[in-house]
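Take a look at the letters that make up each chain.
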Amino acid sequence: MEKVNVKEKLLCLKAGLLFIILLFWVTGVALICLGATVQLRLTDISVVLSETSSGAPLVLTVTGIIIFIMSGFGAISVLKENNMLIKTFIGIMVVIFIIEIIVGISAYSYREKLQSDISRRFQQILSKYGIDGQLTRSLDYAQQEFRCCGAQNFTDWMNVTVTLLPSSVPKSCCRKVTPKCGEKVMAHQDNIFLEGCVIKMKTWISQHIDVIGAVGVGLGFVQLFGILLSFLLVKILQENYVSL
């Protein structure tokens, strides 16, 4: 009877751990996809953002790959009921959990710096519009992609006279782009994005960091539960191994 109870406990623990490992696997795939998506979104505005966000998509992708690999290792460990492998799996989860806490705190602190860097960078490049080809394309893409105009608002372009006519903005500021849609905008603002790109980018960054933070918190709780179940599994295997 006791042997049957141990067997049932073992089955329940294995099922619980495999479910948690499945969640890890799904999270890993999601982070890889999110990292790739963010990278694609930022590629065409990399000149605008400069180096301030170049590492973020890479961190997401690498984290996703690590979690994906860890999931496979964990599944093999549980299915083989190998104490040494399960202990190694526990160690990996503990290390990743500690790293997640450190990265999470750093990311939250870095958010403010990233947003201030974007604001400063945007103000600097407005005067180079039309002179630097790559920067011009990047800025045009950013304004169309985020449906914004200028740094704080569209009037920032009023002080840029190097390549623009008075009271004009780039065509990329237009809701509907036509040959002269950016000229004399003070008289017709209905076809212009009025809000600045810094605000739009701040909102976009905050939304993604909040999502990543929520995923991280959820993953952290799941990891703690997984570590607990793994310890229990190791304890049962050590005390009374049951071959299924």
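Residue numbers restart at each chain and count upward from 1, following the sequence in its written direction. Restriction of local features to residues with pLDDT of at least 70 applies here, the model being predicted, together with a cutoff of 80 or more for giving and counting side-chain atom pairs; totals for whole chains, interfaces and linings are based on all residues. For the side-chain quantities, the full set of heavy atoms in the structure was used; hydrogens and water were omitted.

Per an unreviewed UniProt entry, the protein chain carries the name Tetraspanin and comes from Xenopus tropicalis. UniProt positions are given in the numbering used here, feature names are shortened, and annotations may be inferred rather than shown by experiment. According to the UniProt record, the Subcellular location (unreviewed entry) comment for the protein chain reads "Membrane". According to the UniProt record, the Sequence similarities (unreviewed entry) comment for the protein chain is "Belongs to the tetraspanin (TM4SF) family."

Moving on, we get to the packing of aromatic side chains. Here a pair means two rings of Phe, Tyr or Trp (six-membered ring of Trp) with centres within 6.5 Å. Their orientation is stacked below 30 degrees between planes, edge-to-face above 60, and tilted elsewhere. In total, this model carries two aromatic pairs according to the counting rule given. With 5.1 Å between their ring centres and 75° between their planes, Tyr129 and Trp157 make a pair best called edge-to-face. Here Tyr129, found in the loop between α4 (83-125) and α5 (133-145), pairs with Trp157, found in the loop between α5 and α6 (197-239); they are 28 residues apart in sequence, far enough to count as distant. Note on accessibility: Tyr129 and Trp157 belong to one class, buried. Only runs of H or I of at least four residues qualify as helices and only runs of E of at least two qualify as strands under DSSP, and these elements are numbered from the N terminus. Accessible area is worked out with a 1.4 Å probe on protein chains only. A residue is then buried under 20% of its type maximum, exposed over 50%, and partly exposed in between.

Next up on the list: the state of the cysteines. Disulfide: a pair of cysteine sulfur atoms within 2.5 Å of each other. A complete count under the given rule lists three disulfides for this structure. Bridging Cys148 to Cys197, the disulfide has an S-S length of 2.0 Å. Between Cys148 and Cys197 the sulfur-sulfur dihedral comes to about 90°; the bridge is accordingly right-handed. Within this pair, whereas Cys148 is found in the loop between α5 and α6, its partner Cys197 is found in helix α6, the two being separated by 49 residues in sequence. Residue Cys149 pairs covalently with Cys173 via a disulfide, S to S 2.1 Å. Measuring the twist about the S-S bond at about 85°, one finds the Cys149-Cys173 disulfide to be right-handed. Here Cys149 is found in the loop between α5 and α6, whereas its partner Cys173 is found in the loop between α5 and α6, with 24 residues between them in sequence. For Cys149, a relative accessible area of 0% translates into the label buried. Since its relative accessible area comes to 0%, Cys173 is described here as buried. Across the protein chain, the disulfide pattern expressed with sequentially numbered bonded cysteines is 1-6, 2-3, 4-5.

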